[in-house]
Amino acid sequence: MSDTAASRRIKEMEVMVADVVVETPDTTTLVLFTGNDRLEYSAGHFLTIDPHQFEALERFTSFLEDLKGKRELPRAYSMCSAPHERQLAVTVKEERYVSGLTKFPPLLSPLLTKRTTRGSRLVVTGFTGPYTLPADITAKTDHIVHVCAGSGSVPNFSMLKFALAHYPTLRHTFIYSNKTWQDVIFRDELTRLASTYPDRLKVVHSLTREENPAVCGPAVRRGRVGLALLKELIPQPTECYVYVCGPGISKFDIAAAKEAGTEPQPRFLESVLADLKAVGVPNDRIKREFYG
Ligand SMILES: Cc1cc2nc3c(=O)[nH]c(=O)nc-3n(C[C@H](O)[C@H](O)[C@H](O)COP(=O)(O)OP(=O)(O)OC[C@H]3O[C@@H](n4cnc5c(N)ncnc54)[C@H](O)[C@@H]3O)c2cc1C
């Protein structure tokens, strides 16, 4: 896409929250009514929301800016909706403040997940992002492997729905890591898609803190997404394309580790990328999106 085409797509829009869907205890989908605005986005794109627009956050935003010594930036949210669907929607997971661990309380996600109601108005800026399916994807592969953790499933869910509807030669393996069964976002919809497209979609859940995952169903495994699971699910590593999305080492983790004189610990993204390399997936067949 040319730069002009990209900048044509990015615009500020005032939208109304048409529906609020509680996906899990800490995750909410906001369905956005956009009026007559044309929605030119690709599956996998994100929009941004500037926290300064919310009166309810005004004092908190100023306080955090004073503490951090810099202006709070707009936050990015991927669309969970797909371009062929009627409504635009984003899915937001609430960040938590963990005493002794997190440096500052999270600013925007608690408001979007817990205090945004139907009829609320928001200004959003979109759409952009490099984490998309290339137009010639069907010439490159017939197998897309999605490897996601937590809210990292959001852009992949959009790409999955779009590709199932538009690229009939593509099959998908959707590997999804969460702590427990109740944390799985889009759980029912993923199950429904897998039964609608039994030959084209395989969903495998990997739960790190579920005592007895077998009771959640045959597609549910225990533990982290690791080398053994990726080896099992990627039998032809040089033929597929892999889309990995989830938490990775942030600039804050790097700064904290430096201060402590240690190395930052690999997070989901780094450990999956290392395992994909070990499985034999070429680097140019791996697309990644980092959620800090
Ligand atoms: C491309 C992209 C797409 C995304 N899509 C989604 C999505 O679809 N759904 C979703 O839920 N999230 C998504 N995110 C994450 C989202 O943008 C926000 O980062 C998330 O909602 C947290 O924002 P917050 O304002 O609640 O927390 P923040 O205020 O940003 O705080 C988050 C954490 O960072 C720490 N922190 C913040 N500032 C500093 C600092 N100066 N020094 C040290 N530590 C600091 C805080 O202590 C806290 O632990 C995406 C991110 C990216 C980059």
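Cut-offs applied
- Residues numbered from 1 in each chain as written.
- Predicted model: local features only at pLDDT ≥ 70, side-chain atom pairs only at ≥ 80, totals over all residues.
- Heavy atoms only, no water.
- Helix = DSSP H or I, 4+ residues; strand = E, 2+ residues; numbered from the N terminus.
- Rg over C-alpha atoms; globule rule 2.2 N^0.38 Å.
- Buried < 20%, exposed > 50% of the residue type's maximum accessible area, 1.4 Å probe, protein only.
- Contact = heavy atoms within 4.5 Å.
- Areas by Shrake-Rupley, 256 points an atom, 1.4 Å probe, with all protein chains shown as cover.
- Pairing = 2+ DSSP bridges.
- Axes fitted to C-alpha atoms, helices over the stretch in contact; angles between N-to-C directions.

A.B. asks: Help me understand the overall build of the protein chain, please; the structure alone is not making it clear to me.
C.D. replies: Scanning the protein chain from terminus to terminus reveals nine helices and twelve strands. Taking 19 Å as the expected radius of gyration for a compact globule of 292 residues, we find that the protein chain reaches 19 Å, a close match to that expectation. With the principal axes as the frame, the protein chain shows a C-alpha extent of 55 × 50 × 40 Å. Taking all 292 residues of the protein chain together, the buried fraction comes to 46%. Considering only intrachain contacts with a sequence separation of at least 6, the fraction spanning at least 24 residues in the protein chain is 74%. With the model as given, the accessible surface of the protein chain reaches about 15300 Å², and the carbon-plus-sulfur share is 51%.

A.B. asks: I'm lost on the sheet that holds strand β3 (residues 46-49) in this one. Help?
C.D. replies: Each strand in a sheet pairs with another by means of backbone hydrogen bonds, the pair being arranged parallel or else antiparallel. Strand order in the open sheet made by the six strands is β4-β3-β6-β1-β2-β5, with antiparallel pairing throughout. The open sheet terminates on both sides in strands that have one partner only, identified here as β4 (75-78) and β5 (88-93). Adjacent strand axes in the sheet meet at a mean angle of 45 degrees, parallel and antiparallel pairs treated alike. With four bridges connecting them, β3 and β4 associate as antiparallel partners. Within the sheet, the bridge partner assigned to Ile-49 lies in β4 and is Arg-75.

Keep in mind these values describe shape, not function.
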